[in-house]
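# Geometric and topological summary
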Amino acid sequence: MSAVSTPLVSVRNLVKQYDGRKKLFGGAGFSLRAVDDVSFDIAPGETLGLVGESGSGKSTTGRVLLQLEPPTSGEVLFKGETISGLKSSRMKRFRREMQIVFQDPYSALDPRMTVGDFVAEPILVHESLSSAERRERAAGLFRLVGLDPSFMSRYPHEFSGGQRQRINIARAVALRPSFIVADEPITALDVSIQAQIINLFQDLQEEMGLAYLFVAHDLSMVRYLCHRVAVMLRGRIVEIAPAEALFEDARHPYTQALLTAIPVPDPRIERQRRHRPFDLSVHGPKPGQELREVGPNHFVLS
Ligand SMILES: Nc1ncnc2c1ncn2[C@@H]1O[C@H](COP(=O)(O)OP(=O)(O)OP(=O)(O)O)[C@@H](O)[C@H]1O
Ligand SMILES: [Mg+2]
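This write-up is about the structure you can find in this document. Computed from a prediction, not measured in an experiment: that's the story for all the values here.

Basis of the calculations
- Residues numbered from 1 in each chain as written.
- Chains lettered and ligands numbered in written order.
- Predicted model: local features only at pLDDT ≥ 70, side-chain atom pairs only at ≥ 80, totals over all residues.
- Heavy atoms only, no water.
- Core = buried A, V, L, I, M, F, W, Y, C linked by side-chain atoms within 4.5 Å.
- Buried < 20%, exposed > 50% of the residue type's maximum accessible area, 1.4 Å probe, protein only.
- Helix = DSSP H or I, 4+ residues; strand = E, 2+ residues; numbered from the N terminus.
- Contact = heavy atoms within 4.5 Å.
- Pairing = 2+ DSSP bridges.
- Axes fitted to C-alpha atoms, helices over the stretch in contact; angles between N-to-C directions.
- Near = heavy atom within 4 Å.
- Polar contact = N/O pair within 3.5 Å; in protein donor to acceptor, adjacent residues only side chain to side chain.
- Areas by Shrake-Rupley, 256 points an atom, 1.4 Å probe, with all protein chains shown as cover.
- Left-handed = near helix turned anticlockwise from the far one by under 90°.
- Nonpolar A, V, L, I, M, F, W, Y, C, P; charged D, E, K, R; others polar.
- 1 Å grid on protein atoms, 1.4 Å probe; cavity = no way out; pocket = protein on both sides within 12 Å on 5 of 7 lines; lining within 4 Å.
- Points joined across faces, edges and corners; volume = space filled by probe spheres on them.

In this structure, L219, V222 and V229 are the most contacted members of the largest nonpolar core, which totals 58 residues. Top contributing element to this core by residue count: helix 6 (residues 191–208), with six residues. In contact with V222, not counting residues within four places along its chain, are V51, F214, A216, V229 and F247. Residues F40, V181, V215 and A230 belong to the second largest nonpolar core, which totals 28 residues.

Given below as structure tokens:
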């Protein structure tokens with residue numbers, strides 16, 4: 001992990017609340033804190049995993065972090081500058097540096113656009129290059145993600161899921177960002193393809209010094225990719241630690257439950273393992289709890 005002191009990204013006490021209006025004829029209103037007082041830093045070149053069950057607030061954290069939605073309260077800093085509430089003209093500079101890759105590699109693509117134009121589009125918007133120069137840049141991006149540039153004139157439906165995700169990744173790195181939110185980018189892919197895409201993320205990180213917020217609902221996926229891992233439950237971070245500490249010495253009952261949910265390849269050992277039940281009413285996050293340090297860089301909600 002990098003030892004740089006100024007974080008690339010800082011999230012400070014982020015809250016995102018969704019309020020549903022009361023219906024005119026019956027039907028109660030609702031108020032849901034999808035993200036509830038979340039704070040973390042990401043260093044340049046670092047990968048922070050964000051793990052938790054469906055509905056725990058992972059995608060909302062990613063979207064609010066990138067200012068795709070405004071926070072209810074709290075702030076996001078990028079390279080030490082606050083970006084919460086910036087006007088779109090001032091946000092443009094940051095937009096280039098922060099990108100997102102989504103779970104479904106097909107719906108992210110535009111079916112009517114050649115994949116070459118799709119990858120080159122951010123360059124067209126942000127940089128004044130001739131069309132030949134733009135093509136050359138796009139071809140370089142195709143090679144970078146392991147695709148033959150001769151594919152550039154084809155359409156999305158001609159590609160496999162793994163290839164489509166490579167195309168999305170090529171577009172995400174087109175403007176040489178320093179940070180990418182990867183929101184379950186391998187969940188929709190065949191298991192045999194997942195490792196290849198993970199490797200691609202790692203290669204790009206080495207080559208470009210990228211930092212990632214890598215969202216997953218399963219701890220096994222983030223084990224080898226992430227420097228640190230944050231575990232989210234009901235909108236709160238219940239544990240955040242260097243990956244090794246989290247896997248060797250998980251402290252929060254929810255993290256422990258997630259760990260025992262990862263199957264062990266040996267069926268004899270697997271049969272003998274005790275799967276810890278997790279009781280949300282006993283061990284779930286409670287108001288007033290705070291993240292407390294239990295080891296180097298290792299924090300647990302208690
Ligand atoms: N625009 C919205 N309006 C109202 N509620 C929302 C909205 N977006 C998300 N939510 C709610 O916020 C909570 C967190 O959702 P979010 O999509 O962030 O979870 P997630 O951890 O990404 O889940 P998944 O693993 O299923 O992708 C959920 O209860 C969801 O229903
Ligand atoms: Mg999600």
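So much for the structure itself; the text now carries on.
The next point concerns the sheet that holds strand 11 (residues 291–295). Overall, mixed pairing links the eight strands, which are arranged 6-7-8-3-9-10-12-11 in an open sheet. Edge strands, defined here as strands with exactly one partner in the open sheet, are strand 6 (98–101) and strand 11. Mean inter-strand twist for the sheet, computed between neighbouring axes without regard to direction, equals 20°. Bridging between strand 9 (residues 228–233) and strand 10 (residues 236–242) involves six bridges; their strand directions are antiparallel. Along strand 10, the bridge assignment pairs L233 with R236. Contacting strand 3 (47–51), strand 6, strand 7 (179–183), strand 8 (211–216) and strand 9, helix 1 (residues 58–65) crosses the sheet at an angle of about 150° to strand 8. Against the sheet, helix 9 (residues 253–260) makes contact with strand 3, strand 9 and strand 10, and its axis sits at roughly 105° relative to strand 9, the strand it touches most.

To continue, consider the site of ligand 1. Around ligand 1, the surrounding shell holds 13 residues, and the nearest of these are S54, G55, K58, S59 and T60. Within the side chain of S54, a nitrogen or oxygen atom sits 2.5 Å from an oxygen atom of ligand 1. With respect to ligand 1, the side chain of S59 contributes an N or O atom lying 2.8 Å from an oxygen atom. Compared with its free state, where it exposes 640 Å², ligand 1 has 63% of that area covered by protein. Where the shell around ligand 1 is concerned, the elements lending two or more residues are strand 2 (30–42) and helix 1.

Moving on, we come to the packing of helix 3 (residues 115–126) against helix 4 (residues 131–144). It is at 9 Å that the axes of helix 3 and helix 4 come closest, and there the two elements cross at 115°. Both helix 3 and helix 4 take part in a crossing whose hand is right-handed. In this structure, helix 3 contributes V115, G116, V119, A120, I123 and L124 to the contact, and helix 4 contributes R134, R137, A138, L141 and F142. Residue classes in the contact of helix 3 with helix 4 are distributed as eight nonpolar, one polar and two charged.

Structurally, T114 can be placed in the loop between strand 6 and helix 3. The class for T114 is buried, based on a relative accessible area of 14%. With 173 residues separating them in the primary sequence, T114 and P287 have C-alpha atoms 50 Å apart. Polar contacts involving the side chain of T114 include one to the main-chain amide nitrogen of D117, which spans 3.1 Å.

All right, on to the layout of surface pockets then. In this structure, the largest pocket spans a volume of roughly 470 Å³. R95, M98, Q99, I100 and R171 are the residues nearest the centre of the largest pocket, which is lined by 18 residues in total. With five residues, helix 3 is the largest single contributor of residues to the lining of the largest pocket. Of the residues in the lining of the largest pocket, the class split is 12 nonpolar, three polar and three charged.

No statement about biological role is implied by the geometric values presented.
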